[in-house]
Number of protein chains: 2
Amino acid sequence: MVKSLMNDTQLEAIAETFAALADHSRLLILHTLQRHPCYVNELCEKTGLKQANASKQLGILRNAGLIDGQRQGNLVRYSISEPMIFEICELVCSKIERDTRRRFEELAPGKRG
Amino acid sequence: MVKSLMNDTQLEAIAETFAALADHSRLLILHTLQRHPCYVNELCEKTGLKQANASKQLGILRNAGLIDGQRQGNLVRYSISEPMIFEICELVCSKIERDTRRRFEELAPGKRG
DNA sequence: TGACAATATCACCATATCGCTATATTGTAA
DNA sequence: TTACAATATAGCGATATGGTGATATTGTCA
């Protein structure tokens, strides 16, 4: 077994960041916050998530250091704290598009799209 | 609830890609394959993963379209099929470094590193 | 064909996670 | 203080996942 350039702690930290991104609801939240910061109730309305679930997912995103929440009286205003995630998502999206196109070509070779 | 620019299928596809990246063992495999393609037994040796587990995780990575496996007689040679993942990992790594440094600064303000 | 090697898959246990309801916490205003 | 609103947390059931040993599959060679 080879000595790794990456140690376990680093790998675990990277894995945790990806885990925070690996959920439909949380991606939806991030996608919503990308347009503009939101209070929790707004987020629930826009995403269709229930309040308890939204709070839970927001906590996970905040723990991962991807978003930031600031109390404003009775409300909490969440915003993206790590714009880098959109670069990442764009890379993934382009990969998925490529995959989809390739799979389509395999199914219907020569067809124009 | 607002109409999303991203539909559920797209979000699910993105989430699945991140899920494939959200595991310590799989990151270790990718990190190993980044240096050069490997046969399964080599991979087991280098990563310390057991054969059954390595096969399982390799299957997940292949399903996610991140790696590619080619039979060569009795062996199967795996290689990265999506170099983009290293761009992604680098972005995440730099974020983690930043976070770590910031946390360190908060604990020991003014200290030189 | 049979014996063997490399890899993949199966069945299982332990653990983690999602979304839910109910409840607790925190802040405002009277 | 009480009443109320916004958010967070607890606890639950259902489901998914990681790692394991055992076994199946696939390929090589005699």
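Note that residues are indexed from 1 along each chain, following the sequence as it is written. Starting at A for chains and at 1 for ligands, labels are handed out in the order in which the entities are written. Owing to the predicted nature of the model, reporting of local features is limited to residues with pLDDT of at least 70; listing and counting of side-chain atom pairs is limited to 80 or more, with chain, interface and lining totals taken over all residues. Computation of side-chain values covers all heavy atoms of the structure but excludes hydrogens and water.

## Concerning the overall build of chain A
Put simply, DSSP H or I for four residues or longer makes a helix, DSSP E for two residues or longer makes a strand, and each gets a number counted from the N terminus. Tallying secondary structure elements over chain A gives five helices and three strands in all. Going from the N terminus to the C terminus, chain A shows its helices and strands as α-α-β-α-α-β-β-α. Expected size for 113 residues packed as a compact globule is a radius of gyration near 13 Å; at 18 Å, chain A overshoots this value by more than 25%. Projecting the C-alpha coordinates of chain A onto the three principal axes gives extents of approximately 60 × 45 × 20 Å. We call a residue buried when its accessible area falls under 20% of the maximum for its residue type, exposed when it is over 50%, and partly exposed in between, using a 1.4 Å probe and counting protein chains only. When each of the 113 residues of chain A is scored for burial, the buried share is 41%. With the radius of gyration taken over C-alpha atoms, the globule rule is written as 2.2 Å times the number of residues to the power 0.38.

## A word on the domain arrangement of chain A
Residue and element names in this part refer to chain A. Note: domain ranges come from an automatic or database domain assignment. With domains assigned, chain A is organised as domain 1 (18-82) and domain 2 (83-113). Any two residues having at least one pair of non-hydrogen atoms within 4.5 Å are treated as being in contact. Listed as interface residues are eight residues of domain 1 and, on the opposing side, five residues of domain 2. Summed over both partners, the interface of domain 1 with domain 2 buries about 630 Å², with 82% contributed by carbon and sulfur atoms. As used here, buried area is the combined drop in accessible area, with a 1.4 Å probe, of two parts when they are placed together. For domain 1, the biggest contributors to the area lost against domain 2 are Leu 21, Gln 34 and Glu 82; these three give 62% of the whole. Basic side-chain nitrogens of Lys or Arg form a salt bridge, by our definition, when they fall within 4 Å of a carboxyl oxygen of Asp or Glu. The tally of links between domain 1 and domain 2 comes to zero salt bridges.

## Some points on the protein's contact with DNA strand D
Think of it this way: one heavy atom of a residue within 4 Å of a molecule or strand is enough to make that residue near it. Close contacts around DNA strand D come from 24 residues, with Gln 51, Ser 55 and Tyr 78 of chain A together with Arg 26 and Lys 56 of chain B the closest. By atom count, sugar and phosphate contribute 64% of the portion of DNA strand D lying within 4 Å of the protein. If you list the elements that add at least two residues to the surface near DNA strand D, you get α3 (40-47), α4 (51-63) and β3 (75-80) of chain A together with α2 (24-35) and α4 (51-63) of chain B. Its residues assigned to classes, the surface near DNA strand D comprises eight nonpolar, nine polar and seven charged. Residues are grouped as follows: nonpolar covers Ala, Val, Leu, Ile, Met, Phe, Trp, Tyr, Cys and Pro; charged covers Asp, Glu, Lys and Arg; every other residue, Gly included, is treated as polar.

## Brief notes about the sheet that holds strand β1 (residues 38-39) of chain B
Residue and element names in this part refer to chain B. Two strands pair if DSSP finds at least two bridges between them. Spatially, β1-β3-β2 is the arrangement adopted by the three strands of the open sheet, whose pairing is antiparallel. Both outer strands of the open sheet, β1 and β2 (67-72), are each paired with one neighbouring strand and no more. Orientation is described by axes fitted as lines to C-alpha atoms, over the contacting stretch for helices, and by angles from 0 to 180 degrees between their N-to-C directions. Its contacts with the sheet put α2 on β1, β2 and β3 (75-80), and the angle it makes with β3 is roughly 90°. Helix-sheet contacts for α4 involve β2 and β3, and the interaxial angle to β2 is about 120°.

## A few points about the pattern of salt bridges
Across all of its chains, the model carries eight salt bridges over all chains by this definition. As a salt-bridge pair, Arg 98 of chain A and Glu 82 of chain B come within 3.1 Å of each other at their nearest N and O atoms. Of this pair, Arg 98 of chain A sits in helix α5 (residues 84-107) while Glu 82 of chain B is found in the loop between β3 and α5 (84-107), placing the two residues in two different chains. Accessibility expressed as a relative area gives 5% for Glu 82 of chain B, which makes it buried. Salt bridges here are not isolated pairs; linked through shared partners, they connect Lys 95, Asp 99 and Arg 102 of chain A.

## A short note on the packing of helix α2 (residues 24-35) of chain A against α3 of chain A
Residue and element names in this part refer to chain A. Between α2 and α3, whose axes approach to 10 Å, the crossing angle comes to 110°. In terms of orientation, α2 and α3 fall into the roughly perpendicular class. Our pair here, α2 against α3, has a crossing hand that is right-handed. Packed against α2, whose contacting residues are Leu 28, Ile 29, Thr 32 and Leu 33, the element α3 presents Leu 43, Lys 46 and Thr 47 at the interface. Class assignment of the residues belonging to the contact of α2 with α3 gives a composition of four nonpolar, two polar and one charged. These descriptions rest on fixed angle ranges, namely under 35 degrees for roughly parallel, over 145 for roughly antiparallel, 65 to 115 for roughly perpendicular, and the rest for oblique. What makes a crossing left-handed is the near helix being turned counterclockwise from the far one by less than a right angle; a clockwise turn instead makes it right-handed.

## Notes on the relation of the copies chain B and chain A
Superposing chain B onto chain A requires a rotation of 180° together with a translation of 0.0 Å along the rotation axis, leaving an RMSD of 0.1 Å. These values place the two chain copies in the arrangement generated by a two-fold rotation axis. Both copies share a contact surface, since 100% of the interface residues of chain B are interface residues in chain A too. Residues reaching a pLDDT of at least 70 in both copies supply the C-alpha atoms on which the copies are superposed by least squares.

## Notes on the interface of chain B and chain A
Counting residues at the interface gives 41 residues for chain B and 41 residues for chain A. For the pair chain B and chain A, the summed buried area comes to about 3,600 Å², and 73% of that belongs to carbon and sulfur atoms. Area buried by chain B at its contact with chain A is led by Phe 18, His 24 and Lys 95 of chain B, which between them contribute 17% of it. For the purposes of these results, a polar contact is taken to be a pair of N or O atoms within 3.5 Å, where, inside protein, one atom must be able to donate a hydrogen and its partner to accept one; residues adjacent in sequence count only when each atom of the pair is a side-chain atom. Remark: the boundary between chain B and chain A carries six residue pairs in polar contact (both at pLDDT 80 or more). Elements represented by at least two residues in the side of chain B that touches chain A include exactly α1 (8-21), α2, α3 (40-47) and α5 of chain B. Its residues placed into classes, the side of chain B that touches chain A shows 23 nonpolar, seven polar and 11 charged.

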